[in-house]
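Structure at a glance
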Amino acid sequence: MKVKYFPDTDTALIEFVDREVHETKEISENVYIDVDKDGNLVNITIEHAKATAALNKKTKSPSHICSAGVVCGNRKTDVPEVR
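Each chain carries its own residue numbering, running from 1 in the written order of its sequence. For a predicted model such as this one, the threshold for reporting local features is a pLDDT of at least 70, and the threshold for listing and counting side-chain atom pairs is 80 or more; totals across whole chains, interfaces and linings nevertheless cover every residue. The side-chain numbers reported here are obtained from all heavy atoms of the structure, hydrogens and water having been left aside.

Points about the overall build of the protein
A count of helices and strands for the protein gives one helix and five strands. Counting from the amino terminus, helix and strand elements in the protein follow one another as β-β-β-β-β-α. Buried positions account for 31% of the 83 residues belonging to the protein. Should any heavy atoms of two residues lie within 4.5 Å, those residues are considered in contact. When contacts within the protein are restricted to residue pairs at least 6 apart in sequence, those whose partners lie at least 24 apart make up 32%. Just so you have it, the protein exposes about 5800 Å², and 50% of that area is on carbon and sulfur atoms. Segments assigned H or I by DSSP are reported as helices when at least four residues long, segments assigned E as strands when at least two residues long, and all are numbered from the N terminus. For the exposure calls, accessible area comes from a 1.4 Å probe over protein chains only, and a residue counts as buried if that area is under 20% of its type's maximum, exposed if over 50%, partly exposed in between. Using a 1.4 Å probe, accessible areas were evaluated by the Shrake-Rupley method; residue-level cover was limited to the displayed protein chains.

Let's talk about the nonpolar core
Side-chain atoms within 4.5 Å are what join buried Ala, Val, Leu, Ile, Met, Phe, Trp, Tyr and Cys residues into a set we call a nonpolar core. Core analysis: the biggest nonpolar cluster contains 10 residues, these being V3, Y5, A12, I14, V31, I33, V35, I44, I46 and A49. If you tally residues by element for this core, the top one is strand 4 (residues 31-35), at three residues.

Observations concerning the sheet that holds strand 1 (residues 2-6)
By this definition, two strands are paired if DSSP reports at least two bridges between them. Taken in spatial order, the five strands line up as 1-2-5-4-3 in an open sheet, and their pairing is antiparallel. Only two strands of the sheet have a single neighbouring strand rather than two, namely strand 1 and strand 3 (23-28). Taking the axes of each pair of neighbouring strands and ignoring which way they run, one obtains an average angle of 20 degrees across the sheet. One ladder, built from five bridges, connects strand 1 with strand 2 (residues 11-15); its direction is antiparallel. Bridging from a neighbouring strand, Y5 pairs with A12 of strand 2. Angles shown run from 0 to 180 degrees and are taken between the N-to-C directions of axes, each axis being a line fitted to C-alpha atoms and, for helices, limited to the stretch in contact.

Thoughts on the pattern of salt bridges
We define a salt bridge as a side-chain nitrogen of Lys or Arg found within 4 Å of a carboxyl oxygen belonging to Asp or Glu. Per the stated rule, a full pass over the model turns up two salt bridges. D36 serves as the salt-bridge partner of R19, at 3.3 Å between the closest nitrogen and oxygen. Of the two residues, R19 is situated in the loop between strand 2 and strand 3 and D36 in the loop between strand 4 and strand 5 (41-47); the sequence distance between them amounts to 17 residues. Its relative accessible area of 42% is what places R19 among the partly exposed residues.

Structure, rendered in C-alpha coordinates:
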(Lines give C-alpha, C1' and ligand atoms only; values in the text may rest on other atoms or scores of the structure.)
Protein backbone atom coordinates (compact mmCIF):
# COMPACT_ATOMS: atom_id res chain seq x y z
CA MET A 1 0.00 0.00 0.00
CA LYS A 2 1.21 3.50 -0.84
CA VAL A 3 -0.20 6.84 0.25
CA LYS A 4 0.56 9.87 -1.90
CA TYR A 5 -0.37 13.50 -1.39
CA PHE A 6 -0.45 16.08 -4.18
CA PRO A 7 -0.38 19.56 -2.58
CA ASP A 8 -1.00 21.38 -5.86
CA THR A 9 -4.47 19.82 -6.08
CA ASP A 10 -4.94 18.94 -2.37
CA THR A 11 -5.54 15.34 -3.36
CA ALA A 12 -4.62 12.15 -1.49
CA LEU A 13 -4.22 8.87 -3.33
CA ILE A 14 -4.15 5.54 -1.51
CA GLU A 15 -2.84 2.80 -3.79
CA PHE A 16 -3.64 -0.70 -2.55
CA VAL A 17 -2.44 -2.83 -5.46
CA ASP A 18 -0.71 -2.29 -8.79
CA ARG A 19 -3.49 -3.35 -11.15
CA GLU A 20 -5.17 -1.80 -14.15
CA VAL A 21 -8.17 0.35 -13.24
CA HIS A 22 -11.34 -0.78 -14.95
CA GLU A 23 -13.82 1.66 -13.41
CA THR A 24 -13.92 4.65 -11.06
CA LYS A 25 -16.88 4.92 -8.69
CA GLU A 26 -17.93 8.04 -6.80
CA ILE A 27 -18.44 7.24 -3.13
CA SER A 28 -19.16 10.81 -2.06
CA GLU A 29 -18.57 14.31 -3.41
CA ASN A 30 -14.82 14.12 -2.69
CA VAL A 31 -14.09 10.39 -2.47
CA TYR A 32 -13.64 8.00 -5.38
CA ILE A 33 -12.60 4.37 -5.62
CA ASP A 34 -10.96 2.63 -8.53
CA VAL A 35 -11.70 -1.04 -9.09
CA ASP A 36 -10.21 -3.66 -11.39
CA LYS A 37 -12.17 -5.75 -13.91
CA ASP A 38 -13.24 -8.13 -11.12
CA GLY A 39 -14.50 -5.31 -8.89
CA ASN A 40 -11.55 -5.47 -6.46
CA LEU A 41 -10.34 -2.24 -4.87
CA VAL A 42 -7.25 -0.72 -6.51
CA ASN A 43 -7.12 2.93 -5.31
CA ILE A 44 -8.98 5.49 -3.23
CA THR A 45 -8.78 9.15 -4.23
CA ILE A 46 -9.68 11.89 -1.75
CA GLU A 47 -10.15 15.39 -3.12
CA HIS A 48 -9.90 18.42 -0.78
CA ALA A 49 -7.91 16.04 1.41
CA LYS A 50 -6.88 18.50 4.12
CA ALA A 51 -10.52 19.08 5.07
CA THR A 52 -12.04 15.76 3.99
CA ALA A 53 -9.39 13.47 5.49
CA ALA A 54 -8.13 15.85 8.20
CA LEU A 55 -4.58 15.80 6.86
CA ASN A 56 -2.05 17.66 8.94
CA LYS A 57 -0.29 20.50 7.11
CA LYS A 58 3.01 19.67 8.84
CA THR A 59 3.89 16.71 6.62
CA LYS A 60 6.99 18.03 4.83
CA SER A 61 9.47 16.59 7.34
CA PRO A 62 8.08 13.27 8.56
CA SER A 63 9.41 11.92 11.82
CA HIS A 64 9.16 8.29 10.76
CA ILE A 65 7.37 5.96 8.38
CA CYS A 66 4.94 3.21 9.33
CA SER A 67 5.24 -0.26 7.84
CA ALA A 68 2.56 0.34 5.21
CA GLY A 69 4.43 3.31 3.75
CA VAL A 70 2.27 5.87 5.55
CA VAL A 71 4.09 8.69 7.30
CA CYS A 72 2.97 8.66 10.93
CA GLY A 73 4.04 11.79 12.72
CA ASN A 74 0.93 12.73 14.65
CA ARG A 75 1.15 10.47 17.70
CA LYS A 76 -1.36 12.48 19.73
CA THR A 77 -4.25 11.19 17.64
CA ASP A 78 -2.56 8.24 15.87
CA VAL A 79 -3.92 9.65 12.61
CA PRO A 80 -1.49 8.96 9.75
CA GLU A 81 0.03 11.92 7.99
CA VAL A 82 0.97 11.61 4.34
CA ARG A 83 4.00 12.91 2.54
